[in-house]
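# Structural features, examined
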Protein chains: 4
Amino acid sequence: MSRFEPRNPDFESHVRGAFAAQGLMGNFGAELTEVAPGRIVIEQDFHERLLQQHGGLHGGAIAALLDTACGFSAVTLVAAGKGITTIEFKTNFLAAGLGERFRFVAEVLKPGRTIMVSEGRAFAAGADKDRLISTMTATMMVIDI
Amino acid sequence: MSRFEPRNPDFESHVRGAFAAQGLMGNFGAELTEVAPGRIVIEQDFHERLLQQHGGLHGGAIAALLDTACGFSAVTLVAAGKGITTIEFKTNFLAAGLGERFRFVAEVLKPGRTIMVSEGRAFAAGADKDRLISTMTATMMVIDI
Amino acid sequence: MSRFEPRNPDFESHVRGAFAAQGLMGNFGAELTEVAPGRIVIEQDFHERLLQQHGGLHGGAIAALLDTACGFSAVTLVAAGKGITTIEFKTNFLAAGLGERFRFVAEVLKPGRTIMVSEGRAFAAGADKDRLISTMTATMMVIDI
Amino acid sequence: MSRFEPRNPDFESHVRGAFAAQGLMGNFGAELTEVAPGRIVIEQDFHERLLQQHGGLHGGAIAALLDTACGFSAVTLVAAGKGITTIEFKTNFLAAGLGERFRFVAEVLKPGRTIMVSEGRAFAAGADKDRLISTMTATMMVIDI
């Protein structure tokens with residue numbers, strides 16, 4: 001059960017609609033696999049269109065997926081008629097982006113009325129256990145939409 | 001004239017080849033428009049495949065382009081047989097990613113033998129002057145390739 | 001001449017009073033040597049009370065001085081009755097904190113009504129030229145005080 | 001029990017000696033209350049010498065204490081004869097630094113041979129439960145000392 005109480009009862013359909021409207025996520029082929037209050041999971045298959053020159057997932061693609069997960073984790077907690085804009089984020093790359101499928105998990109750390117802070121983790125999915133490849137801390141501002 | 005002396009006389013062809021080998025940059029349609037010692041410029045047209053749900057350039061796409069520019073700015077200064085891996089980066093978003101064309105300019109701030117630090121600026125190109133939309137500081141490690 | 005027009009004509013006395021009221025800056029012995037619209041310079045002598053175990057300026061002391069410079073650079077641009085609170089900052093350490101005197105220079109990059117972003121640079125003062133030892137990007141929110 | 005196996009059996013005395021040799025921590029009056037493989041806790045009383053102008057703990061003091069905790073968490077895992085230098089860190093400020101006593105907890109996230117990444121959390125100690133006031137992600141490089 002979530003630590004958070006959503007302000008918008010329709011948060012899930014709002015998030016799913018907004019995710020589907022993102023050209024970048026459609027381009028990547030990313031899938032939104034979990035939408036809970038204060039928590040988002042996105043999954044992504046390994047694909048040539050997301051790679052850097054050494055054959056690994058591009059750091060920028062990892063960051064884009066983590067950013068999307070962090071941003072929507074905040075969106076789950078805003079009131080109806082509100083959205084968020086990302087002020088800044090920081091990403092650390094801990095291991096190579098190699099694998100067949102990746103998971104991007106974001107959770108809200110601070111659900112402020114004006115400022116939201118979320119943390120994201122990127123994993124390369126494994127048969128036995130997932131391998132942590134990247135982290136993000138993202139700061140968002142709540143805006144009228 | 002550059003403040004930096006490249007260690008690899010073939011740095012430009014090395015960078016151009018590596019950029020062309022990036023699936024993500026090909027996917028985006030990004031163009032590498034300047035390769036100088038310690039400095040990279042990438043340009044990108046506005047396109048639906050790079051957008052978020054409000055019709056602006058996705059922050060993750062901006063970060064991916066800045067990351068690529070920062071990474072290659074470091075690559076211009078490594079010796080032959082060396083490359084870089086990105087340890088981390090941090091991005092601030094200052095203005096909406098709206099415009100017809102964008103420029104991503106990166107310059108090396110610290111050309112260390114082990115650690116390189118670069119700064120990037122993203123601009124929405126304008127008729128009169130460019131508008132700063134985002135900044136990045138990126139930390140890279142020099143590796144054998 | 002500054003790029004910025006201050007909203008509070010008494011910005012300088014406001015900043016000087018607030019700086020003098022900071023216990024931490026008094027503890028350090030830091031000096032506020034320049035207050036201009038959107039720009040702050042703080043100077044600090046090398047002193048044992050600011051060091052890490054290897055005899056260099058502690059990274060945390062460098063960050064505290066950069067943070068103070070960034071914060072007050074934003075304060076110079078807010079209206080009377082307003083102040084700022086720091087949301088986050090990011091610091092890179094480029095060279096050892098060795099020298100007799102240090103300068104911490106901050107300039108506002110984005111003077112938003114709600115969000116301000118400033119960049120700071122720390123220098124070890126030299127006879128001929130200053131040496132860049134650290135950088136900061138700081139994000140502040142404007143608040144009522 | 002720790003996830004980590006220390007490479008230096010004398011890690012604790014090494015860390016305690018290095019902490020005691022930091023002029024800044026002595027100045028603050030900080031106490032090193034836990035030293036375990038990959039984990040450090042520092043405690044600090046509220047004191048006027050650490051404050052900003054509004055009477056709260058200065059963000060720079062919070063960052064310095066988190067930085068110290070993150071740095072030593074990495075030191076617990078290096079081999080004898082090795083130390084660390086901080087490459088960069090990022091701090092988010094989530095709540096005001098008000099309280100009588102504060103705890104700064106750091107844990108290593110990635111214990112690399114060359115690069116270490118740690119995460120820190122700052123808490124205002126409460127009668128019932130601690131309140132999270134700040135987070136840090138720090139990147140360190142292993143060096144010979």
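Since we're looking at a predicted model, the values are computed, not measured.

Reading guide: rules and limits
Numbers given for residues are sequential positions, taken from 1 along each chain in its written order. A letter from A marks each chain and a number from 1 marks each ligand, given out in the order of writing. Residues qualify for local features only when their pLDDT is at least 70, as the model is predicted, and side-chain atom pairs are given and counted only at 80 or more; totals for whole chains, interfaces and linings, by contrast, use all residues. Water and hydrogen atoms play no part in the side-chain values, which are based on all heavy atoms of the structure. Starting at the N terminus, helices and strands are each numbered in turn, a helix being any DSSP run of H or I of at least four residues and a strand any DSSP run of E of at least two. Between two residues, a contact is recorded if the distance between any of their heavy atoms is within 4.5 Å. Using a 1.4 Å probe on the protein chains alone, a residue whose accessible area is under 20% of its type maximum counts as buried, one over 50% counts as exposed, and one in between counts as partly exposed. Counting rule applied: Lys, Arg positive; Asp, Glu negative; His and chain ends not counted. The working definition used for a salt bridge is a side-chain nitrogen of Lys or Arg within 4 Å of a carboxyl oxygen of Asp or Glu. Any two strands with at least two DSSP-identified bridges between them are counted as paired. In this description, a line fitted to the C-alpha atoms serves as the axis of each element, helices being fitted only across the stretch in contact, and the angle between N-to-C directions of two axes falls anywhere from 0 to 180 degrees. Throughout, the accessible surface (probe 1.4 Å) given up by two parts as they are put together, summed over both, is called the buried area. By the criterion applied in these results, polar contacts are pairs of N or O atoms within 3.5 Å in which, for protein atoms, one can donate a hydrogen and the other can accept it, and in which residues neighboring in sequence qualify only through two side-chain atoms. Alignment of copies: least-squares fit on C-alpha atoms of residues with pLDDT of at least 70 in both copies.

## A few points about the environment of Gly-97 of chain B
All names here are of chain B.
- Secondary-structure assignment places Gly-97 in the loop between strand S3 (82–93) and strand S4 (101–111).
- Taking the C-alpha atoms as reference points, Gly-97 and Gly-59, 38 residues apart in sequence, are found 7.9 Å from one another.
- Not counting residues within four places of it along the chain, the set of residues in contact with Gly-97 comprises Phe-46, Gly-56, Leu-57, Phe-102 and Ile-133.

## Things to note about the side chain of Asp-67 of chain D
- One can find Asp-67 of chain D in helix H3 (residues 59–75).
- Lys-90 of chain A provides the closest opposite charge to the buried, unpaired Asp-67 of chain D, separated from it by 12 Å.
- Residues contacting Asp-67 of chain D, with those up to four places away along its chain left out, are His-58, Gly-59 and Gly-60 of chain C together with Thr-86, Phe-89 and Met-136 of chain D.

## Side note on the environment of Phe-72 of chain A
- Within the fold, Phe-72 of chain A resides in helix H3 (residues 59–75).
- Along the primary structure Phe-72 of chain A and Asn-27 of chain A are separated by 45 residues, whereas in three dimensions their C-alpha atoms are 18 Å apart.
- Filtering out sequence-adjacent residues up to four positions away, Phe-72 of chain A remains in contact with Val-15, Ala-18, Phe-19, Gln-22 and Ile-40 of chain A together with Gln-53 of chain B.

## Examining the sheet that holds strand S4 (residues 101–111) of chain D
- With antiparallel pairing, the 12 strands of this open sheet are ordered in space as S1(C)-S2(C)-S4(C)-S5(C)-S6(C)-S3(C)-S3(D)-S6(D)-S5(D)-S4(D)-S2(D)-S1(D). The open sheet has two edge strands with one neighbour each: strand S1 (31–36) of chain C together with strand S1 (31–36) of chain D. Ignoring strand direction, the axes of neighbouring strands in this sheet form an average angle of 20°.
- Strand direction decides the pairing type here: S4 of chain D and strand S5 (residues 115–124) of chain D, joined by 9 bridges, are antiparallel. Pairing of Lys-110 of chain D across the sheet is with Val-117 of chain D, part of S5 of chain D.
- Of the strands in this sheet, strand S2 (39–45), strand S3 (82–93), strand S4 (101–111), strand S5 (115–124) and strand S6 (131–144) of chain C together with strand S3 (82–93) of chain D touch helix H3 (residues 59–75) of chain C, which is tilted by about 45° from S6 of chain C.

## What to know about the interface of chain A and chain B
- The partner chain B presents 33 residues to the 33 residues of chain A that form the contact.
- Summing both partners gives a buried area of about 2,400 Å² for chain A against chain B, and 55% of it is carried by carbon and sulfur.
- Applying the counting rule to chain A against chain B returns 1 salt bridge.
- Note that Lys-90 of chain A and Glu-88 of chain B form a salt bridge whose closest N and O atoms lie 3.0 Å from each other.
- Taken together, chain A and chain B are joined by 20 residue pairs in polar contact (both at pLDDT 80 or more).
- Within the residue set of the side of chain A that touches chain B, elements represented by two or more residues are helix H2 (23–28), H3 and strand S3 (82–93) of chain A.

## Let's talk about the relation of the copies chain A and chain C
- Once chain A is rotated about the relating axis by 180° and shifted along it by 0.1 Å, it coincides with chain C to within an RMSD of 0.0 Å. On this basis, the relationship between the two copies can be described by a two-fold rotation axis.

## Structural notes on the environment of Asp-144 of chain C
All names here are of chain C.
- Among the structural elements, Asp-144 can be located in strand S6.
- Note: C-alpha distance between Asp-144 and Phe-72 (72 residues apart in sequence) is 15 Å.
- If we skip the residues at most four places from it in the chain, Asp-144 touches Gly-81 and Lys-82.
- Of note is the side chain of Asp-144, whose polar atom sits 2.6 Å from the side chain of Lys-82.

## A look at the sheet that holds strand S1 (residues 31–36) of chain B
- Pairing within the open sheet is antiparallel, and its 12 strands lie in the order S1(A)-S2(A)-S4(A)-S5(A)-S6(A)-S3(A)-S3(B)-S6(B)-S5(B)-S4(B)-S2(B)-S1(B). The sheet is open, and its two edges are formed by strand S1 (31–36) of chain A together with S1 of chain B, each paired on a single side. Taking the axes of each pair of neighbouring strands and ignoring which way they run, one obtains an average angle of 20° across the sheet.
- Against the sheet, H3 of chain A touches strand S2 (39–45), S3, strand S4 (101–111), strand S5 (115–124) and strand S6 (131–144) of chain A together with S3 of chain B, its axis set at about 45° to S6 of chain A.
- Strands S1, strand S2 (39–45) and S3 of chain B of the sheet are contacted by helix H1 (residues 11–20) of chain B, whose axis makes an angle of about 160° with S1 of chain B.

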